[in-house]
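Chain residues, written in single-letter form:
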Amino acid sequence: MKKSIFLYSLVLILISGAVVASNYGDDVYDSNLIAPIKKSKKDPHENYNKMMDVIMSPRCINCHPNDHVPKQADDGHPHYFGIARGENNHGFQAINCATCHQNTNNDYSGVPGAPEWSLAPAEMFWEGLSRKEIAESMMDPVRNGGRTAEETMHHLTEHELVLWAWQPGIKADGTPREIPPVPLDEYKKAVKAWIANGAVIPEN
Amino acid sequence: MSKAKKLSRRKFLVRGGLGTVGVLALGTYVFRNPIRRSILKMVETLPPSYMGSGTEANLWFELTQENKVIFHSPKVEMGQGSFTSFAQMIADEMDVRLDQIEVVGAATKTGIVDVLSTGGSLSVGSLWQPLRELAATMREMLKIEAAKKLSVEVSSLTTNDGVISNGLKTITYAEVAYGITEWNIPDTPELKPLSSYKFIGKPVKRIDLASKVFGDPIFGLDAEMPEMLHAAIIRPSKIGATFNSADTSKAAQMPGVVKVVQIDDWVAVVAESYAQALAAKRTIKVEWNILKEWTEKEMREMLRVGKGRLMITQKEGDAIDEEDDELVSMIFTSPIGAHAQIEPNGALADYNNGDITVVLSTQVPGKTQEFVADALGVDKDKVNIIPAYLGGGFGRRLNTNHAIQTVQLSKAVGKPVKYIFTRKEEFQNDLFRPPTHHIMKGKLGSDGLIDSLEHHYASGDVAIGAIILPGLLNDVLGTDIGAMRGGNIMYDKIPNHRAEQWHTTLPFATSWWRSLGLLANTFAVESFIDELALKAGKNPVELRLAQISKEGNQKRIYDVIQLAAEKGNYNDTPMNGRAMGFAASTDSNSPAAHVVEVSIENNQIKVHKVICAFDCGFVVNPDQVRAQCEGAIIMGMSASMFEKMTIEDGELTPTIYGPYDMALMKHAPKTIDVHFIQGADIPLPVGEPPMGPIGAAVANAVRRLTGKRLTDLPLKL
Amino acid sequence: MKIEFTINGVLQSVEIEDSNTPLLWVVRDVLNLKGTKFGCGKAACGACTLHVDDEAVRSCSYAVKFAEGKQITTIEGLGSPQDPHPVQQAWIEEVVPQCGYCQPGFMMATAALLNKKPNPSDEDIDNNIVNVCRCATYYRMRKAIHRAAELTQETNLKTQENV
């Protein structure tokens, strides 16, 4: 009798121990991914911080590398297959950005895409820099492609390639790519306000 | 002319004269371990033998009106070039030109397929004798009929380029065959002397070259049938996951979807196009039962020397005393390997009132036929498996039972269905190369030579559990003969040497992967020998040569070691930032040795040069044997230096090229020289043996360059 | 949706419901040109490489809508047994293919490279030719690429002489 109770409970344990997991098959796209909105109290540099939270995200840094090699994914690993800047920021002659990346994301392949897909020019490298260094570089005409503050604001808030960061599509494994930590409209407002208020870069 | 049999019809159907001795026949004699070991040794050195179903009157050759010979090959072509070698044999014995021969994979309904598989690097060797005999017999049959048609004596006839002549009158093979319904089959004629062959032994171009350069639709996934539909099947990602339930409500409404099919424990979408099937598949939510979430660590703990089933596969002299102060010991490992062949698996199937046709890339048309017939409850002769050219095999297609599901889908929708795996499914539902764990133990004698050497190794399934071998074989032999490849010590003059296999079945499928255990076993054994040579202060080539006999089969190993060292100018001292590495192996009776030259660039191992000496007996096509060596060397580098599957979150990963790091153009050595020794007068295995030494050779070079002994594959600094 | 493009010199019009369907499947299953291969569907292996307006494109990751009005070339249009492209000629001379499945993608990538860089260095080849070949035919492929460059130059010289 005792033995059978023991066996019975063992079976129960096995059953309850069984995990029922779900899976969407090969390609998953969850569009309900919403970034957390940080509430902060009266941060004097709130606009700057929101903007930099976005800029520090892999969606931005990955295309502003410090070594001519585009980076991929949230861990910022070097682009697979030895892809590099080439002579014109678009890769090599027969394997360039447009060989795989088109004007839109591709849900079949998980390859991201947006208009003007390319690396930022070498002098605009951000990878490895601090928030402050990136902000300085961004506002420095020598390192920002000769842009005025107004033009920089335009790049940051209107350029389709930049806006792609909030619609980055799905990865090769079918799961959604991470978006920047600040919602797009909030980010746009923050950038505009920061520029309008003199683009002050705090010490820390 | 005696024993002439009457066989009917236009099918040219030649049979008989086929040797069917194979490894399976040996099982019955094996009972005790010492005998087992000698059998295992025999298995390693048996000449290749043909295992075809040669007793049925089936199609071998066809003659077309254009005077071309179509050979229905019992073996499939997966890149190894065997179709070309078959054409060479036929051309020389049937007296036709290469461009008069077409080779196709035999379909199970009409042709003779190898009852086991295409694999083991056995295609050319196993058909060497029977195919030439068949071709010669066919030539004589044609001459007999030609003599009748031309009203001349058979003995006055000669044959050339598919034309029969007595010097005055001529007739083509096709003209002879026309209208003949009964053939006289003479005794097997004597084969021509090797020296008289025009094609055999010469570097002829692959006969499938044009098809492959101009993009002809020759592969399994290229097949078409009228009104064909397309299917995607959902497969689990987690190890050990079983089907619980599926919500398919959205999928049925998706554009182009013909039917969502749920059979037993799997779900599929059949749609008008493959893209539509994929899009609909994305909307299906499957609940899986997962009893256990496996980790890499747990798997590694299962798979180690001392765990699982032990079989001593080699035992000479005494075991090493564990307390011996002179004992040297090292641990080596290799990871899970994926096949990663570029053509995904799939099949095109038609179920038509119990008549079944399947076109696919498979190494086992015969077994696939059996399994499909069983699953669908029809007679075997109702199932026609048509093997296409394979977009890579490497052992992955030694189980193509997805053909069953494809037939079931065709039955469910009443039309032909083409099914294709996604790449993620390929990576997660592979039959992987098992990971391995090795403990090497050794001891030098007072003369500085190796006195004792032991290889203890643990592996997952290779041959055990495979559909092409009956379970009986493994029980009888008591060992996994696939995992064993390269596991035994070939240095017979080491007084005490042994090999012990520990076998464990892992929670995911592992099986055949080009060269089986050879790559990992040779890596462990040959790395360790290099280490012992360093300890002894001896040149590693001289040490090897001192410990191997110069007699019998061992001489062939001795000779390749010597030739590779000589052609590669092997020097054990690094120079100008480069070092050489040496390693050798023998597999399926074909010894190979490599000298490699490496440097370190940007903290990466760079292989500049590989010099290979190889004895695969008689070389039928030097150009393609060379190609196999080049490919085996680079694929072996890829597996030894880059590739690795791991378990994360209960899943096998990665699931795509790139993250599954493989050798690319930039990693290929700029020099690969291959030197042949013909140590046997028959063709011996080619495709796998040259893979053996490459991992160890690279590791040995790195050791000499950096002082660092790399003991885990893939090799990382 | 109707999409029109020229493929291997022939104007084609295809009617397709989902204009995001990868060009690969339209080429293979609608136009029945099977030389362009499916390998991974993730633009990683390069087996599906073809040319769009002379540029190498991985067609498994190229929505068919982008092909509107473009000139597409596949392996079937690169050359023929009677008139092989220099890349195909070189591939034959060096006997490159083994299983052959990835080879059209490699030849298309090579042809695109030679368009831009008629005499590529080893480094150019290493950078540009990053398709995956499981049979690992890379050793002969490199020789064939250099040979194709020579053949292209010979062809160009002949053309100039004729002009």
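Since this is a predicted model, take the numbers as computed values, not measurements.

## Quick word on the environment of C:N156
Piece 1. Relative to the helices and strands, C:N156 resides in helix α6 (residues 138–162).
Piece 2. Separated by 126 residues in sequence, C:N156 and C:V30 have C-alpha atoms that sit 36 Å apart.

## Here's the deal with the nonpolar core
Piece 1. Membership of the largest hydrophobic core comes to 218 residues, with the highest contact counts inside it found for B:F61, B:F582, B:Y657, B:V698, C:W91 and C:Y138.
Piece 2. Among the elements that take part in this core, helix α3 (residues 123–150) of chain B stands out by supplying 13 residues, more than any other.
Piece 3. C:Y138 has contacts with B:I634, B:A663, B:L664, B:M665, B:A668, C:F106, C:N131, C:V132 and C:C133, leaving out every residue within four places of it along the chain.
Piece 4. Among the nonpolar cores identified, the runner-up in size contains 23 residues, and A:I55, A:M138, A:M153 and A:Y187 belong to it.

## Points about helix α6 (residues 149–158) of chain A
Piece 1. Where α6(A) is concerned, the buried positions are A:T152, A:M153, A:H155, A:L156 and A:T157.
Piece 2. Those residues of α6(A) that are buried lie in contact with α2 (46–55), α5 (131–139), α7 (160–163) and α8 (184–196) of chain A.

## Concerning the interface of chain B and chain C
Piece 1. Contacts between the two partners involve 60 residues from chain B, matched on the other side by 52 residues from chain C.
Piece 2. In total, about 4,500 Å² of surface goes out of reach between chain B and chain C, with carbon and sulfur atoms giving 65% of it.
Piece 3. The largest share of the area that chain B buries against chain C comes from B:F214, B:I342 and B:M665, three residues that together contribute 19% of it.
Piece 4. Among the salt bridges present, the one from C:R140 reaches B:D623, with a minimum N-O distance of 3.3 Å.
Piece 5. When residues of the side of chain B that touches chain C are traced back to their parent elements, those giving at least two are α5 (209–213), α7 (274–281), β19 (417–420), α16 (622–641) and β28 (671–676) of chain B.
Piece 6. With 10 residues, the top contributor of residues to the side of chain B that touches chain C is α16(B).
Piece 7. Of the residues assigned to the side of chain B that touches chain C, the class counts are 32 nonpolar, 13 polar and 15 charged.

## Considerations on the environment of B:A533
All names here are of chain B.
Piece 1. Note on placement: A533 falls in helix α13 (residues 518–536).
Piece 2. Judged by relative accessible area, which is 0%, A533 ranks as buried.
Piece 3. Remark: the alpha-carbon pair of A533 and M645, spanning 112 residues in sequence, is separated by 32 Å.
Piece 4. In this structure A533 touches K538, P540, L543 and R704, once residues within four positions along its chain are discounted.

## Some details on the pattern of salt bridges
Residues and elements named next belong to chain B.
Piece 1. Inspection of the entire model under this criterion finds 57 salt bridges over all chains.
Piece 2. Close ionic contact of K212 with D208 constitutes a salt bridge, the shortest N to O distance being 2.9 Å.
Piece 3. The buried category is assigned to D208, whose relative accessible area is 1%.
Piece 4. The salt bridge involving D430 is made with R396; its shortest N-O contact spans 3.4 Å.

## Some points on the packing of aromatic side chains
The geometry of two aromatic rings is summed up by the distance between their centres and the angle between their planes.
Piece 1. Applying the stated criterion across every chain yields a total of 21 aromatic pairs over all chains.
Piece 2. Residues B:F61 and B:F71 carry aromatic rings whose centres are separated by 5.5 Å and whose planes lie at 40° to one another, so their mutual orientation is tilted. With a gap of 10 residues between them, B:F61 in strand β2 (residues 61–63) and B:F71 in strand β3 (residues 69–73) connect regions that are remote in the sequence. Of the two residues, B:F61 and B:F71, neither departs from the other in class, the shared state being buried.
Piece 3. An aromatic cluster of at least three residues, connected via ring pairs, comprises B:F61, B:F71, B:F83, B:F86 and B:Y389.
Piece 4. The positively charged end of B:R132 is found above the aromatic ring belonging to B:W128, 3.7 Å away from the centroid.
Piece 5. Of note, B:R282 hangs over the ring of A:Y108, and the distance from its end group to the ring centre comes to 4.8 Å.

## Side note on the interface of chain A and chain C
Piece 1. Tallying the contact residues gives 18 residues for chain A and 27 residues for chain C.
Piece 2. Three residues stand out in chain A for area buried against chain C, namely A:F81, A:Q93 and A:Y108, and they jointly supply 33% of the buried area on that side.
Piece 3. Summed over the shared surface of chain A and chain C, the result is 0 salt bridges.
Piece 4. Our count for the chain A to chain C interface comes out at 12 residue pairs in polar contact (both at pLDDT 80 or more).
Piece 5. A breakdown of the residues in the side of chain A that touches chain C according to their chemical character gives 9 nonpolar, 8 polar and 1 charged.

## Structural notes on the side chain of B:E145
Piece 1. Position of B:E145 relative to the elements: it lies in helix α3.
Piece 2. Excluding residues that lie within four positions of it along the chain, B:E145 makes contacts with B:V176, B:I180, B:E182, B:W183 and B:N184.

## Some remarks on the packing of α6(A) against α8(A)
All names here are of chain A.
Piece 1. As a packed pair, α6 and α8 sit with axes 10 Å apart at the nearest point and diverge in direction by 175°. Our classification of the angle between α6 and α8 gives roughly antiparallel. Residues A149, M153, L156, T157 and E158 of α6 lie in contact with α8, whose contacting residues are Y187, K188, V191, K192 and I195.

## As for the pairing of strand β4 (residues 55–58) of chain C
Two faces make up the sheet, and in a regular strand the side chains alternate between them.
All names here are of chain C.
Piece 1. In the sheet, strand β3 (residues 49–52) pairs with β4 via 4 bridges, with the strands oriented antiparallel. Pairing of V52 across the sheet is with E55, part of β4.
Piece 2. In this antiparallel pair of consecutive strands, β3 and β4, the connection spans 2 residues, and D53 shows a positive phi of 45°.

## Focus on the sheet that holds β3(B)
Residues and elements named next belong to chain B.
Piece 1. If you trace the 3 strands from one edge of the open sheet to the other, you get β2-β3-β4, paired in mixed fashion. Lying at the two open borders of the sheet, with one neighbouring strand each, are β2 and β4 (101–105). Pairwise comparison of adjacent strand axes, ignoring direction, gives a mean angle of 20° for this sheet.
Piece 2. Across the sheet, helix α2 (residues 82–94) is in contact with β2, β3 and β4; its angle to β4 comes to roughly 135°.

## Brief notes about the sheet that holds strand β20 (residues 436–444) of chain B
Residue and element names in this part refer to chain B.
Piece 1. Strands sit in the order β14-β22-β21-β20-β15 across an open sheet of 5 strands; the sheet is mixed. A single partner strand is all that each edge strand has here, and the edge strands are β14 (309–316) and β15 (328–334). Averaged over all neighbouring strand pairs, the angle between strand axes comes to 15°, with direction disregarded.
Piece 2. Here 8 bridges tie strand β21 (residues 450–459) to strand β22 (residues 496–503), and the two strands are oriented parallel to one another.

## Quick notes on a negative patch on the surface
Piece 1. Side chains of B:D321, B:E323, B:D325 and B:E326 sit close together on the surface and give a patch of like negative charge.
Piece 2. Within the fold, B:D321 resides in the loop between β14 and β15.

## A look at the confidence of the model for chain B
Interpretation of this model should avoid reading the predicted coordinates in detail wherever pLDDT is low.
All names here are of chain B.
Piece 1. Overall, the prediction assigns chain B a mean pLDDT of 91, with 91% of residues at 70 or greater.
Piece 2. Scored below 50 in pLDDT, residues 1–34 shows 80 contacts in the model against residues more than four places distant or in partner chains.
Piece 3. Low pLDDT, under 50, characterises residues 53–57; the predicted model gives this stretch 11 contacts beyond four residues in sequence or across chains.

## Things to note about unusual backbone geometry
Peptide bonds are, in most cases, trans, and in most cases residues other than glycine have a negative phi.
Residue and element names in this part refer to chain B.
Piece 1. Following T653, the chain continues into P654 via a peptide bond in cis, with omega recorded as 0°.
Piece 2. Mapping P654 onto the fold places it in the loop between β27 (651–653) and β28.
Piece 3. Along the chain, L713 connects to P714 via a cis peptide bond; the corresponding omega equals -5°.
Piece 4. Structurally, P714 can be placed in the segment after α17 (694–706).

## A few points about α2(A)
Piece 1. When we look at burial in α2(A), the residues that qualify are A:Y48, A:K50, A:M51, A:M52, A:V54 and A:I55.
Piece 2. Check the buried side of α2(A) and you find it contacts α3 (58–61), α5, α6 and α8 of chain A.

## Regarding the domain arrangement of chain C
Residues and elements named next belong to chain C.
Piece 1. The domains assigned to chain C are domain 1 (2–78) and domain 2 (86–158).
Piece 2. Of note, the centres of domain 1 and domain 2, computed from C-alpha atoms alone, are 21 Å apart.
Piece 3. Contacts between the two partners involve 18 residues from domain 1 and, on the opposite side, 14 residues from domain 2.
Piece 4. Inspection of the domain 1/domain 2 interface yields 1 salt bridge.

Rules used in this analysis
- Residues numbered from 1 in each chain as written.
- Chains lettered and ligands numbered in written order.
- Predicted model: local features only at pLDDT ≥ 70, side-chain atom pairs only at ≥ 80, totals over all residues.
- Heavy atoms only, no water.
- Helix = DSSP H or I, 4+ residues; strand = E, 2+ residues; numbered from the N terminus.
- Core = buried A, V, L, I, M, F, W, Y, C linked by side-chain atoms within 4.5 Å.
- Buried < 20%, exposed > 50% of the residue type's maximum accessible area, 1.4 Å probe, protein only.
- Contact = heavy atoms within 4.5 Å.
- Buried area = accessible area lost by both parts, 1.4 Å probe.
- Salt bridge = Lys/Arg side-chain N within 4 Å of Asp/Glu carboxyl O.
- Nonpolar A, V, L, I, M, F, W, Y, C, P; charged D, E, K, R; others polar.
- Phe/Tyr/Trp six-rings, centres within 6.5 Å; stacked < 30°, edge-to-face > 60°.
- Lys NZ or Arg CZ within 6 Å of the ring centre and 35° of its normal.
- Polar contact = N/O pair within 3.5 Å; in protein donor to acceptor, adjacent residues only side chain to side chain.
- Axes fitted to C-alpha atoms, helices over the stretch in contact; angles between N-to-C directions.
- Parallel < 35°, antiparallel > 145°, perpendicular 65-115°, else oblique.
- Pairing = 2+ DSSP bridges.
- Patch = residues over 30% accessible without salt bridge, like charges linked within 9 Å, V, L, I, M, F, W, Y side chains within 5 Å.
- Areas by Shrake-Rupley, 256 points an atom, 1.4 Å probe, with all protein chains shown as cover.
- Lys, Arg positive; Asp, Glu negative; His and termini not counted.
- Charge placed at Lys NZ, Arg CZ, Asp CG, Glu CD.
- pLDDT = per-residue confidence, 0-100.
- Domains from an automatic or database assignment.

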